[in-house]
Amino acid sequence: MGAVKIWNEMEVAEEFSEKNCSTEIKSSSLTVDTSLSLPDMTPRVINLCKDLFKKWSKLDDSRFSVQTVSGGITNLLLKVTVRADDGNEDSVTVRLYGPNTDYVIDRERELQAIKYLSAAGFGAKLLGVFGNGMVQSFIIARTLEPSASKLKFDDDDEKQEKYQKISFKEVHNEILELEELTGRVNSPVVFAHNDLLSGNIMVNDDEGKLYFIDFEYGSYNYRGYDIGNHFNEYGGYDCDYSLYPNKDEQYHFIRHYLQPDKPHEVSEKDIEALYLEANVFMLSSHIYWALWALIQAKMSPINFDYLGYFFLRYNEYKKQKGRWVSLARSCLSGK
């Protein structure tokens, strides 16, 4: 299996070099054991670089320095810096594949993609391939971080204190669980308003017409989200969720949503299905607007307690979660 993988990598290098005469992709059959500590790994990485790049093959090992750039489940990135005879330094990135990642990542296809992206000038240049990784040019830049979990309120100690009470690991796990559940509900994708609160609904009493306005959040989304979000908006800006529509009120809405002309002909099965769908996605609405509030807390000049709003929405999500998750799992399992 290992030989086949190395052959594929060498094949990629040869094909790339044939089509891009000005850029030669080096190849080596050597591998580097990723389970080793960095000191034990270093001489093997140096030997690899010497094998790949003949201009470095006769340099003393003391000319090389190896340091970890980042590590993860699927890759280990190393920065290799080489000091030439003239004193100038050259750096490359050695990317080592994590053990057993070939089971979930098609490395040959990945190399094919990088080959063309590299030739087109996207990202780091592909310089060489070897038994369990690749070598690319070293990019002098910083890695971006998710801003939502790195907010700082330098000018407001009270906000910073509230913010630090948020467990983003917990929120992340909640999102993953909710994603799995909503995926099983099979809600159809429609063009959704996504912000259907009372202020975005206009009614002409004389003509008996209703209008939706302000589609700034409008986009394709799950039907259940738009309806569940609309139900949440019954609580208004004060988040008074005692105003959340009860079952009879939701059934009335659902009948007229599914068959406006003949609402009483909608089957009980269809009503119950959409009732469950809307209330499962209602939970997603709380999560979405809670995270939205965090961004607004940092960026918006409006004098509004966005951090307080985060906790209102997130706490309501936790309050409602048990009931609806339990009901959904029961219905979906057929019990």
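Criteria and thresholds
Residues numbered from 1 in each chain as written. Predicted model: local features only at pLDDT ≥ 70, side-chain atom pairs only at ≥ 80, totals over all residues. Heavy atoms only, no water. Helix = DSSP H or I, 4+ residues; strand = E, 2+ residues; numbered from the N terminus. Buried < 20%, exposed > 50% of the residue type's maximum accessible area, 1.4 Å probe, protein only. Contact = heavy atoms within 4.5 Å. Areas by Shrake-Rupley, 256 points an atom, 1.4 Å probe, with all protein chains shown as cover. Phe/Tyr/Trp six-rings, centres within 6.5 Å; stacked < 30°, edge-to-face > 60°. Patch = residues over 30% accessible without salt bridge, like charges linked within 9 Å, V, L, I, M, F, W, Y side chains within 5 Å. Salt bridge = Lys/Arg side-chain N within 4 Å of Asp/Glu carboxyl O. Polar contact = N/O pair within 3.5 Å; in protein donor to acceptor, adjacent residues only side chain to side chain. Core = buried A, V, L, I, M, F, W, Y, C linked by side-chain atoms within 4.5 Å. Axes fitted to C-alpha atoms, helices over the stretch in contact; angles between N-to-C directions. Left-handed = near helix turned anticlockwise from the far one by under 90°. Nonpolar A, V, L, I, M, F, W, Y, C, P; charged D, E, K, R; others polar. pLDDT = per-residue confidence, 0-100.

1. Considerations on the overall build of the chain
Then, in step 1: Helix and strand counts for the chain come out as nine helices and 10 strands.
Then, in step 2: Looking at the chain as a whole, 39% of its 335 residues are labelled buried.
Then, in step 3: Intrachain contacts of the chain at a sequence separation of at least 6 include 57% that bridge at least 24 residues.
Then, in step 4: Summing over all exposed atoms, the chain offers an accessible surface of approximately 20200 Å²; the carbon and sulfur share of this is 52%.

2. Considerations on helix α6 (residues 223-232)
Then, in step 1: With respect to burial, α6 is a largely interior element, 10 of its 10 residues being buried.
Then, in step 2: In the core, the buried residues of α6 are packed alongside β7 (189-192), β8 (201-204), β10 (219-222), α7 (247-258), α8 (268-299) and α9 (306-332).

3. Brief notes about the environment of valine 280
Then, in step 1: Along the chain, the position of valine 280 falls in helix α8.
Then, in step 2: Between the C-alpha atoms of valine 280 and tyrosine 225, which are 55 residues apart in sequence, the distance is 8.3 Å.
Then, in step 3: In this structure, valine 280 is in contact with Leu178, Leu181, Thr182, Val185, Trp324 and Ala328, ignoring residues within four places of it in sequence.

4. Regarding the packing of aromatic side chains
Then, in step 1: Applying the stated rule across the entire model yields 21 aromatic pairs.
Then, in step 2: Each ring, one from phenylalanine 231 and one from phenylalanine 253, has its centre 5.2 Å from the other, and the planes form 75 degrees; the classification is edge-to-face. Within this pair, whereas phenylalanine 231 is found in helix α6, its partner phenylalanine 253 is found in helix α7, the two being separated by 22 residues in sequence.
Then, in step 3: By relative accessible area, phenylalanine 253 is classed as partly exposed at 25%.

5. What to know about unusual backbone geometry
Then, in step 1: Unusually for a residue other than glycine, asparagine 194 sits at a positive phi of about 70 degrees.
Then, in step 2: Locating asparagine 194 in the fold gives a position in the loop between β7 and β8.
Then, in step 3: Take asparagine 194: its relative accessible area is 7%, and that puts it in the buried class.
Then, in step 4: Its identity as a non-glycine residue notwithstanding, cysteine 239 has a phi of 55 degrees, on the positive side.
Then, in step 5: Note that cysteine 239 resides in the loop between α6 and α7.

6. What to know about a nonpolar patch on the surface
Then, in step 1: Taken together, the side chains of Val189, Phe191, Val203, Leu210, Phe212, Phe215, Tyr220 and Tyr222 make up a nonpolar region of the molecular surface, amounting to roughly 870 Å² of accessible area.
Then, in step 2: Looking at the nonpolar patch, the elements that each hand over two or more residues are β7, β9 (209-212) and β10.
Then, in step 3: Looking at the element boundaries, tyrosine 220 is found in strand β10.

7. Re the side chain of threonine 81
Then, in step 1: Position of threonine 81 among the secondary structure elements: in strand β3 (residues 75-83).
Then, in step 2: In this structure threonine 81 comes out as buried when scored by relative accessible area, which is 9%.
Then, in step 3: Only 3.0 Å separates the side chain of threonine 81 from the side chain of serine 91, close enough to count as a polar contact.
Then, in step 4: Sequence-distant contacts of threonine 81, that is, excluding residues within four places in its chain, are made with Arg63, Phe64, Ser65, Glu89, Asp90 and Ser91.

8. Here we look at the pattern of salt bridges
Should the charged atoms of two oppositely charged side chains come close, the side chains can pair.
Then, in step 1: The final tally for this structure, using the stated rule, is 11 salt bridges.
Then, in step 2: Across the salt bridge formed by lysine 50 and aspartate 61, the nearest N and O atoms sit 2.6 Å from each other. Within this pair, whereas lysine 50 is found in helix α2 (residues 38-52), its partner aspartate 61 is found in the loop between α2 and β2 (64-71), the two being separated by 11 residues in sequence.
Then, in step 3: Accessibility expressed as a relative area gives 36% for aspartate 61, which makes it partly exposed.

9. Overview of the nonpolar core
Then, in step 1: Within the largest apolar cluster, 39 residues are counted, with the highest numbers of intra-cluster contacts made by Ile166, Val280, Leu283, Leu294, Phe310, Tyr314 and Tyr317.
Then, in step 2: Going through the elements one at a time, α5 (168-185), α6, α7, α8 and α9 are the ones with two or more residues in this core.
Then, in step 3: Take this core: its biggest share by element is 15 residues, from α8.
Then, in step 4: Setting aside chain neighbours within four positions, we find tyrosine 314 in contact with Glu170, Val171, Glu174, Ile287 and Ala290.

10. Re the packing of α5 against α9
Then, in step 1: For the pair α5 and α9, the least separation of the axes is 11 Å and the interaxial angle reads 35 degrees. Crossing of α5 against α9: the hand is left-handed. In contact with Glu170, Val171, Glu174, Glu177, Leu178, Glu180, Leu181 and Arg184 of α5, α9 contributes Tyr314, Tyr317, Lys318, Lys321, Val325, Ala328, Arg329 and Leu332.
Then, in step 2: Its residues placed into classes, the contact of α5 with α9 shows eight nonpolar, no polar and eight charged.

11. Side note on the side chain of lysine 50
Then, in step 1: Here lysine 50 falls in the buried class, since its relative accessible area comes to 15%.
Then, in step 2: A polar atom in the side chain of lysine 50 sits 2.8 Å from the backbone oxygen of leucine 59.
Then, in step 3: Not counting the four nearest positions on each side in its chain, lysine 50 is found in contact with Trp56, Ser57, Leu59, Asp60, Asp61 and Phe64.

12. Let's talk about the confidence of the model for the chain
Then, in step 1: Looking at the chain as a whole, its pLDDT mean stands at 84, while 83% of the residues score no less than 70.
Then, in step 2: Of the regions scoring below 50 in pLDDT, residues 1-7 engages in five contacts with residues more than four places distant in sequence or in other chains.

13. So, the environment of histidine 230
Then, in step 1: In this fold, histidine 230 is placed in helix α6.
Then, in step 2: For histidine 230, a relative accessible area of 12% gives the class buried.
Then, in step 3: Considering only alpha carbons, one finds histidine 230 and histidine 193, 37 residues apart in sequence, at a separation of 9.5 Å.

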